[in-house]
Amino acid sequence: MLAGEQVVAIDNCESPLGGDFLCQMLTQTSPRMRMPGKSEVPELPTMTLVTTTGNNLTLIGDMTRRAVLCRLDPRSGMWRRHIAMICPSGSDYDPAHRLGAAAAGVWMAQPQVPIDVDPETGIWRTDDMPMIYLPRHFLVNMQKGIEGAIGSEAYREILYASSDLSALQWCRAEAKTHRLTPVDTFRHYLKRLSQRGYGQLELTALDEAAGTASLTVRHSAFALGYGPETGRSVCYTFEGSFAGGMRYVLEMSGRAGEPLCREVACAAAGHPECRFELRCDAVA
Ligand SMILES: [Zn+2]
């Protein structure tokens, strides 16, 4: 507190939590504290947010009225603990200020994708499908390396085809798991890509009968990895993915047609967001 910390985190608290000083710290804007071994009693202006975690965390005394208890969902896998956020309850403080100051560091959103880890093999699965968690730079470095070796247009074609097939396989499998309609399966696919960190994907227009669609990707992982000065479209993984999602919709409705998707604006070329147009060509 002397150092003016905005957040104090007490991790794995094993003892009942309470005490006069902690209560003063939460209810007064400037509590006084006697310094160990000194005669000084400095005033400590505090806008500090105190958080604590622990299994079966117990609060005692007045602390029971000065804390917000949260139970973390064990299905999230990594956060199997109780957590308490202790907020001041006095009338002369601004909880929004403390929370706002701390929000960036403490209250990051957690992933919404269910992940099951096989304890025997270490294999990750989401909706029973084996998954891998990758750093963004791995994907971007791989794409840059292959572009350097064979040229970006040649790699675009290869990646387009593999993304198209992968999306189709994903939709076929997920539709069985969730019993969704074809279009909802396509939407679910976009949602899962967003939840897995590829960017914020949105279907902005869809004509199911015509097999056409418009999509945007904000904060594309590929565009961010390449940077806005790249001067060209780099998100061609998505082109194939979106074509594959539409291919699934057409397959389920029994309609012929060849989906074709192109990125028409990319953040790596300086646009505010990446935009994609999906059309459906007649099959000769
Ligand atoms: Zn892009």
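A quick note: this is a predicted structure, and the numbers were derived from the prediction, not measured.

**Quick notes on the pairing of strand β8 (residues 200–207)**
Relative to strand β9 (residues 212–218), β8 is paired through 7 bridges, and the arrangement is antiparallel. Looking across to β9, one finds that Leu-201 is bridged to Val-217. Between β8 and β9, which pair antiparallel in sequence order, lie 4 residues; one of them, Gly-211, sits at a positive phi of approximately 70°.

**A look at the nonpolar core**
Within the largest apolar cluster, 36 residues are counted, with the highest numbers of intra-cluster contacts made by Ala-223, Cys-235, Phe-242, Met-246 and Leu-278. Of all the elements in the fold, those that place two or more residues in this core are α4 (152–178), α5 (182–195), β9, α6 (221–226), α7 (236–253) and β11 (274–281). With 7 residues, the single largest contributor to this core is α7. Excluding residues that lie within four positions of it along the chain, Met-246 makes contacts with Phe-186, Gly-211, Ala-213, Pro-259, Leu-278 and Cys-280. Leu-22, Cys-23, Leu-26 and Leu-49 belong to the second largest nonpolar core, which has 6 residues in total.

**Focus on the sheet that holds β9**
Taken together, 4 strands build an open sheet; the order of strands is β8-β9-β11-β10 and the sheet is antiparallel. The outermost strands of the open sheet, each flanked by one partner alone, are β8 and β10 (258–265). Taken pair by pair, the neighbouring strands of this sheet meet at an average axis angle of 20°, ignoring direction. Here 5 bridges tie β9 to β11, and the two strands are oriented antiparallel to one another. Paired with Ser-214 across the strands is Glu-277, a residue of β11. With respect to the sheet, α7 is in contact with β9, β10 and β11, its orientation differing from that of β10 by roughly 145°.

**Brief notes about helix α3 (residues 136–150)**
Spanning 15 residues, α3 covers 22 Å between terminal C-alpha atoms, matching the ideal 21 Å at 1.5 Å per step. The element α3 is largely exposed, with a buried count of 1 among its 15 residues.

**Looking at the environment of Thr-204**
Its location among the elements puts Thr-204 in strand β8. Not counting chain neighbours up to four residues away, the residues in contact with Thr-204 comprise Ser-214, Leu-215 and Thr-216.

**Considering the confidence of the model for the chain**
Averaged over the chain, the pLDDT score is 84; the fraction of residues at 70 or greater is 83%. Every residue in residues 77–95 is under pLDDT 50, and counting partners more than four places away or in other chains gives 55 contacts. Overall, residues 100–106 carries pLDDT values under 50, and its contacts beyond four positions in sequence, including any with other chains, amount to 8 contacts.

**A closer look at the sheet that holds strand β7 (residues 129–131)**
Ordered in space as β5-β6-β7, the 3 strands form an open sheet in which the pairing is antiparallel. Since the sheet does not close on itself, it has two edges, and those belong to β5 (116–117) and β7, each with one partner. Judged from the 3 bridges that link them, strand β6 (residues 124–126) and β7 form a sheet pairing that is antiparallel. The residue bridging Thr-126 from the neighbouring strand is Met-129, located in β7.

The rules we used
Residues numbered from 1 in each chain as written. Predicted model: local features only at pLDDT ≥ 70, side-chain atom pairs only at ≥ 80, totals over all residues. Pairing = 2+ DSSP bridges. Helix = DSSP H or I, 4+ residues; strand = E, 2+ residues; numbered from the N terminus. Core = buried A, V, L, I, M, F, W, Y, C linked by C-beta atoms within 7 Å. Buried ≥ 20, exposed ≤ 12 C-beta atoms within 10 Å, placed from the backbone. Contact = placed C-beta atoms within 7 Å. Axes fitted to C-alpha atoms, helices over the stretch in contact; angles between N-to-C directions. Expected span 1.5 Å × (residues − 1). pLDDT = per-residue confidence, 0-100.

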